[in-house]
Amino acid sequence: MDCVFCEIIKGNIPSTKVYEDEFVTAFNDLNPQMPVHVLIVPKKHIASANDLTEEDAVLVGKVFLAAKAIAEKLGLENGYRIINNCGEDAGQTVKHLHFHMLGGKSMGEKII
Ligand code: 5GP
Ligand code: ZN
């Protein structure tokens, strides 16, 4: 399987890790869109949010608990935004489920 995030998780591709536990790893995005732009990635290879199954329900909760820990570690006391791009219309480019965690300055206008 040719998956860049699986290779990062295994340590075969370098990344700047900011958090890791049994379920997820999180590292800085290569092309940051905000002062803080972290990718929170479940260690299990799941292609997209549409490929989640009932057995992954706890895993998704672990992603948000990781976000809370990362926010504390990186000093995001003013808040942050989490985005998941699922599928073609959303522009998902890496087919391994991941959540963009953005923060570090006010994001201004909201899409929703
Ligand atoms: P998507 O568009 O699939 O939601 O987001 C994929 C994200 O992965 C992009 O923001 C892109 O910059 C990031 N990315 C792609 N390849 C790598 C890589 O090898 N290392 C890191 N750290 N980020 C990557
Ligand atoms: Zn993968």
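Summary of the structure given here. In this text, all values refer to a predicted model and were calculated from it rather than measured experimentally. (Residues numbered from 1 in each chain as written. Chains lettered and ligands numbered in written order. Predicted model: local features only at pLDDT ≥ 70, side-chain atom pairs only at ≥ 80, totals over all residues. Heavy atoms only, no water.)

**Points about the overall build of the protein chain**
We apply this condition: Helix and strand definitions here come from DSSP, where helices need a minimum of 4 consecutive H or I residues and strands a minimum of 2 consecutive E residues; each element is numbered from the N-terminal end. Within these notes, the globule rule equals 2.2 Å times the number of residues to the 0.38 power, and the radius of gyration is based on C-alpha atoms.
Counting secondary structure elements, the protein chain contains two helices and five strands. In sequence order, the secondary structure elements of the protein chain are arranged as α-β-β-β-α-β-β. Its C-alpha atoms give the protein chain a radius of gyration of 14 Å, near enough to 13 Å, the size a compact globule of 112 residues would have. With respect to the principal axes defined by its C-alpha atoms, the protein chain has extents near 40 × 30 × 25 Å.

**A short note on the coordination of the zinc ion (ligand 2)**
Formally: The donor set covers N, O and S atoms within 2.8 Å of the metal, switching to 3.2 Å for Na, K and Ca, and it leaves out water, so a site may look short of donors. The geometry test gives tetrahedral to four donors whose angles all lie between 85 and 135 degrees, gives square planar to four donors and octahedral to six donors whose opposite members are over 155 degrees apart with all other angles between 65 and 115, and gives irregular to the rest.
Taken together, Cys3 (SG), Cys6 (SG), His45 (ND1) and His96 (ND1) make up the full set of protein donors to the zinc ion (ligand 2), lying 2.0 to 2.3 Å away. Relative to the metal, the four donor atoms surrounding the zinc ion (ligand 2) lie at angles of 102 to 117°, and the coordination shape comes out tetrahedral.

**Details of the pattern of salt bridges**
To keep it simple, the criterion reads: Counted as salt bridges are all cases of a side-chain nitrogen of Lys or Arg within 4 Å of a carboxyl oxygen of Asp or Glu. Relative accessibility under 20% of the residue-type maximum defines a buried residue, over 50% an exposed one, and the middle range a partly exposed one, all with a 1.4 Å probe and only protein chains included.
Taken as a whole, this structure holds four salt bridges when the rule is applied. We note a salt bridge from Glu7 to Lys10, for which the minimum N-O separation is 3.2 Å. Here Glu7 pairs with Lys10, and both are found in helix α1 (residues 4-10), just three residues apart, close to one helical turn. Judged by relative accessible area, which is 19%, Glu7 ranks as buried. Judged by relative accessible area, which is 57%, Lys10 ranks as exposed. In this structure, the salt-bridge partner of Asp56 is Lys44, at a minimum N-O distance of 2.6 Å. A residue pair is termed long-range when its members are at least 10 positions apart, and Asp56 in the loop between β3 (36-42) and α2 (57-74) and Lys44 in the loop between β3 and α2 qualify at twelve residues. Residue classification places Lys44 among the partly exposed positions, given a relative accessible area of 37%.

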